[in-house]
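Letter by letter, the chains look like this.
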Amino acid sequence: TVKLANGIVDVGVHGVLGRNGEDFQFADGTPVKFWGIGGLMAETEQRQLLRARFWAKHGINMVRQHTVEDVLGSLQGPLGARYFDAGKLDKLDKWFAILKEHGIYMTWSIFYHFVALPDQVSSQGGNIPDELYAELPDRGAGKDVYGLVCLVEEYQDAEWEYANLLLNHVNPYTGLAYKDDPALAVVECRNEDSIF
């Protein structure tokens, strides 16, 4: 990160993060170490700013958002025209931008107990028995498919639909799609989700 004359920290100035043996380095060869924490998004912008300032002051340069699905909720809309709740997405966009402005990278833990929507049961051409879906625990807009995502391709496809929509979303506060933003250092696709 580089602090600019206006006080804004330019995260990503050295390019995409990669590995050099056991160490991390950016695309331009600059080595980096991370001091990361699990930090949940604060409810108000004022508290988000306070957290970011406090963490940056103490050298924290990576925050894991666990989970993104808890912040954004389930996808909305019909199959083929999905979208996120606009207010919730705006809050996440702002939080991401605030962290970035303070030199803090973000790690996403997108799912933990993924919620499959009713039309995702066979949306990808599969044939999940209605009895199986009916037995799953209710969780808001759909059913909790914890442990089944490893085995059921329809649920894997549903997770990728969610992740793809989010990664291609352009954050209006940074002007970048998340997939192109070097401040998004890590995307955790699976967190403690296994039948084993």
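Residues numbered from 1 in each chain as written. Predicted model: local features only at pLDDT ≥ 70, side-chain atom pairs only at ≥ 80, totals over all residues. Heavy atoms only, no water.

Colleague: Which residues make up the overall build of the protein, and what values go with them?
Modeller: When helices and strands are tallied, the protein shows five helices and 14 strands. Structurally, the protein occupies a C-alpha span of about 60 × 40 × 25 Å along its principal axes. Summarising the internal contacts of the protein: among those between residues at least 6 apart in sequence, 69% fall at separations of at least 24. Total accessible area computed for the protein in this model is approximately 10400 Å², and 53% of it derives from carbon and sulfur atoms. Looking at the protein, you have 17 positive and 28 negative side-chain charges, and the mean spots of the two groups are 11 Å apart. (Helix = DSSP H or I, 4+ residues; strand = E, 2+ residues; numbered from the N terminus. Contact = heavy atoms within 4.5 Å. Areas by Shrake-Rupley, 256 points an atom, 1.4 Å probe, with all protein chains shown as cover. Lys, Arg positive; Asp, Glu negative; His and termini not counted. Charge placed at Lys NZ, Arg CZ, Asp CG, Glu CD.)

Colleague: How would you summarise the pattern of salt bridges if you had to cite specific residues and measurements?
Modeller: A complete count under the given rule lists eight salt bridges for this structure. With a closest N to O distance of 3.1 Å, Glu 188 and Arg 64 form a salt bridge. Taken together, the residues Glu 188 in strand 14 (residues 184–188) and Arg 64 in strand 7 (residues 62–66) connect sequence positions 124 residues apart. By relative accessible area, Arg 64 is classed as partly exposed at 27%. Arg 82 is the salt-bridge partner of Glu 161, the closest N and O atoms lying 3.3 Å from each other. Here Arg 82 lies in the loop between helix 2 (68–72) and helix 3 (86–101) and Glu 161 lies in helix 5 (residues 153–168), a separation of 79 residues in the sequence. Because the salt bridges share partners, they merge into one network encompassing Arg 82, Asp 119 and Glu 161. (Salt bridge = Lys/Arg side-chain N within 4 Å of Asp/Glu carboxyl O. Buried < 20%, exposed > 50% of the residue type's maximum accessible area, 1.4 Å probe, protein only.)

Colleague: Residue-level account of the packing of aromatic side chains, with values.
Modeller: Following the criterion strictly, the structure yields 10 aromatic pairs and no others. Considering the side-chain rings of Tyr 112 and Tyr 146, the 5.8 Å spacing of their centres and the 75° angle between planes classify their relative orientation as edge-to-face. A residue pair is termed long-range when its members are at least 10 positions apart, and Tyr 112 in the loop between strand 8 (105–109) and strand 9 (115–116) and Tyr 146 in the loop between strand 11 (142–144) and helix 5 qualify at 34 residues. The exposure class assigned to Tyr 112 is partly exposed, which follows from its relative accessible area of 27%. (Phe/Tyr/Trp six-rings, centres within 6.5 Å; stacked < 30°, edge-to-face > 60°.)

Colleague: Describe in detail helix 5, supporting the description with residues and values.
Modeller: With 16 residues, helix 5 ought to run about 22 Å at 1.5 Å a step, and its terminal C-alpha atoms sit 22 Å apart, in line with that. Residues of helix 5 that are buried in the fold lie against helix 2, helix 3, strand 8, strand 9 and helix 4 (130–135). (Expected span 1.5 Å × (residues − 1).)

Colleague: I'd like a rundown of the environment of Asp 85, residues and numbers included.
Modeller: Counting through the fold element by element, Asp 85 comes out in the loop between helix 2 and helix 3. Its relative accessible area of 24% is what places Asp 85 among the partly exposed residues. On a C-alpha basis, the gap between Asp 85 and Gln 65 in space is 18 Å, while along the polypeptide they are 20 residues apart. In contact with Asp 85, other than residues within four places in its own chain, are Leu 72 and Gln 76. At 3.1 Å, the side chain of Asp 85 forms a polar contact with the backbone nitrogen of Gly 87. Within the local environment of Asp 85, its side chain forms a polar contact with the backbone nitrogen of Lys 88, the two atoms lying 2.8 Å apart. (Polar contact = N/O pair within 3.5 Å; in protein donor to acceptor, adjacent residues only side chain to side chain.)

Colleague: Residue-level account of the sheet that holds strand 5 (residues 31–32), with values.
Modeller: Strands sit in the order 3-4-5 across an open sheet of three strands; the sheet is antiparallel. The sheet is open, and its two edges are formed by strand 3 (17–20) and strand 5, each paired on a single side. With four bridges joining them, strand 3 and strand 4 (residues 23–26) adopt antiparallel strand pairing. Of the residues in strand 4, the one forming a bridge with Leu 17 is Phe 26. (Pairing = 2+ DSSP bridges.)

Colleague: Which residues make up the sheet that holds strand 14, and what values do they have?
Modeller: If you walk across this open sheet you meet the four strands as 6-7-8-14, and the pairing is parallel. Whereas interior strands pair on both sides, the edge strands pair on one side only; in this sheet they are strand 6 (36–38) and strand 14. Adjacent strand axes in the sheet meet at a mean angle of 20°, parallel and antiparallel pairs treated alike. Bridge analysis of strand 8 against strand 14 gives four bridges, and the strand direction is parallel. Bridged to Ser 109 within strand 14 is Glu 188. (Axes fitted to C-alpha atoms, helices over the stretch in contact; angles between N-to-C directions.)

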